[in-house]
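Residues per chain, in single letters:
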Amino acid sequence: MINGENRITRPLRWGMVGGGRTGQVGYKHRTGALRDKTYDLVAGAFDINAERGKDFGVNLGVDSDRCYPDYQTMFAEESNLDDGIEVVSIATPNGTHYEITMAALNAGLHVICEKPLVFTTKEAVEIKQLAEEKGLIVGVTYGFSGNVMLLQMRAMIEQGKIGDIHLVDLQYTHGYAATVDGDKKNAAQKWRVDPKIAGPSFVLGDLSTHTYYMSQLIMPEMKIKKLLCDRQSFVGSRYPLEDNAYVLMHYENGAVGRMWTSAVDAGCMDGQRIRIVGSKASLEWWDSKPNELRYEVQGEPIQTLVRGTEYLDELTSEYERLGTLHQEGLSDAWANIYLRIAVAIDAKNRGDEATLDKLIYPDIDAGIAGVQWIENCVRSADNGSVWVEYETEESVHA
Ligand code: NAI
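Please read all numbers here as calculations on a predicted model, not as lab measurements.

Engineer: Would you mind going over the nonpolar core in detail, with residue names and values included?
Structural biologist: Formed by 121 residues in total, the largest nonpolar core has its most connected members in Tyr39, Leu227 and Trp373. Ranked by residues supplied to this core, first place goes to helix α12 (residues 330-350) with 10 residues. When residues of this core are assigned to domains, at least three map to each of domain 1 (12-144) and domain 2 (147-322 + 364-382).

Engineer: Explain the UniProt feature "domain: Gfo/Idh/MocA-like oxidoreductase C-terminal" (unreviewed entry) in the chain to me, using residue names and the numbers behind them.
Structural biologist: The positions that UniProt labels "domain: Gfo/Idh/MocA-like oxidoreductase C-terminal" (unreviewed entry) are, in the present scheme, residues 154-389. Helix makes up 36% of residues 154-389 and strand 25%. Its end C-alpha atoms lie 26 Å apart.

Engineer: How would you sum up the packing of aromatic side chains? Please name residues and give values.
Structural biologist: For the structure shown, the criterion picks out 10 aromatic pairs. Ring geometry for Tyr71 against Phe75: centres 5.6 Å apart, planes inclined by 55°, an arrangement best described as tilted. Here Tyr71 and its partner Phe75 are both found in helix α3 (residues 71-79), 4 residues apart, which amounts to about one turn of the helix. With relative accessibility at 12%, the residue Tyr71 sits in the buried group.

Engineer: Account for the side chain of Arg192, naming residues and giving values.
Structural biologist: In this fold, Arg192 is placed in helix α8 (residues 187-192). You can call Arg192 buried: its relative accessible area is 16%. At a separation of 2.9 Å, a polar atom in the side chain of Arg192 contacts the main-chain carbonyl oxygen of Ala188. When near neighbours in sequence (up to four residues on either side) are disregarded, Arg192 contacts Gln24, Ala198, Phe202, Asp206 and Leu241.

Engineer: Account for the environment of Ser380, with residues named and values stated.
Structural biologist: On the secondary structure map, Ser380 appears in helix α14 (residues 364-382). For Ser380, a relative accessible area of 0% puts it in the buried group. Apart from residues lying up to four places away in sequence, Ser380 is in contact with Leu227, Leu228, Cys229, Ser385, Val386 and Val388.

Cut-offs and rules
Residues numbered from 1 in each chain as written. Predicted model: local features only at pLDDT ≥ 70, side-chain atom pairs only at ≥ 80, totals over all residues. Heavy atoms only, no water. Core = buried A, V, L, I, M, F, W, Y, C linked by side-chain atoms within 4.5 Å. Buried < 20%, exposed > 50% of the residue type's maximum accessible area, 1.4 Å probe, protein only. Helix = DSSP H or I, 4+ residues; strand = E, 2+ residues; numbered from the N terminus. Domains from an automatic or database assignment. UniProt positions renumbered as here; feature names shortened; annotations may be inferred. Phe/Tyr/Trp six-rings, centres within 6.5 Å; stacked < 30°, edge-to-face > 60°. Polar contact = N/O pair within 3.5 Å; in protein donor to acceptor, adjacent residues only side chain to side chain. Contact = heavy atoms within 4.5 Å.

Here is the structure:
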């Protein structure tokens, strides 16, 4: 159980790029990172607008000399300090992730980057190679994946509690972009439908990479063999990017699956769901009820497993924070992700490969896998929504 005791030797000196006053996701990073005394926010290039970024950083309590006009200046100046930053989070629009991550690694910094990590597998692999060369960690903020009940799903599947996996039903939808209005008025929505900044997809990258990663977290042995993706833009000006997509999957073990991802699911307030159907039972988890897990055994009454209870697998107890009866949510999930990445960085700094080997967290391979998921979906959709063999770095070079 997490009780506030230190999990690493000392807090890591932490900086942020982006996540400024007007940024959507910045606060999630800070609420996650600052929870467990594992990071001290000591520097930032928080905003594309340098003046606003400085004002914001000072307001957060960062020394004004360490609120920088841009990330290049931050990396250069901080490297001259004895107590300069050692890890940086990148919470900027997608199209900037590659250059900022590479610059950070070259400056000797561990990196915590937003999803989707980059636009292409080639770029993602370059990042992995540079991180390995430098002995640095790259974590990816699939924030929802810190929800404890996902570890319960992983444990139950591993223990055969649902039998052989037959069906994988994934969904991440909402209706916030059901009309074109936000594309014009909301800066964060505007770049999401611009391929130069968003990359080769809108909802496939923005939404479904989360759910795809969680499916891999829950079922690490399940590999996609082929998929078919049908993507469309109901708001025509978003073309060639999609605001809706359906993906059918065939897995190597014979299981089949589907992913529905959409930003035009008008009225939807409850749109992220994972249902895994096995030969004898099913598990179902909703992001809107993260403390509960439905366990449905064929022929028996449906059970709702509740977070924090003693009947859960011990895998969950390591990240339990509040105990039974008390609800946890997204900020706890983010704190769990930031904590695990801190443990990874601390272990890497100490050369403790044993800790790294058993730690479950969204690492560089999870970042690469998200990029590959998008690439395979787009390749299928843009060839007329045909079945394509699922390509990964290994399969291409096999
Ligand atoms: P946003 O447009 O709301 O905010 C971007 C922030 O970055 C702003 O503060 C902006 O001033 C700053 N910025 C832009 N370029 C910069 C640069 N070169 N240097 C310094 N600051 C810069 O975008 P939003 O929605 O916060 O998304 C940012 C990233 O986070 C995206 O990659 C997105 O996919 C991801 N995201 C992830 C979520 C998650 O749950 N993990 C949730 C929302 C977004």
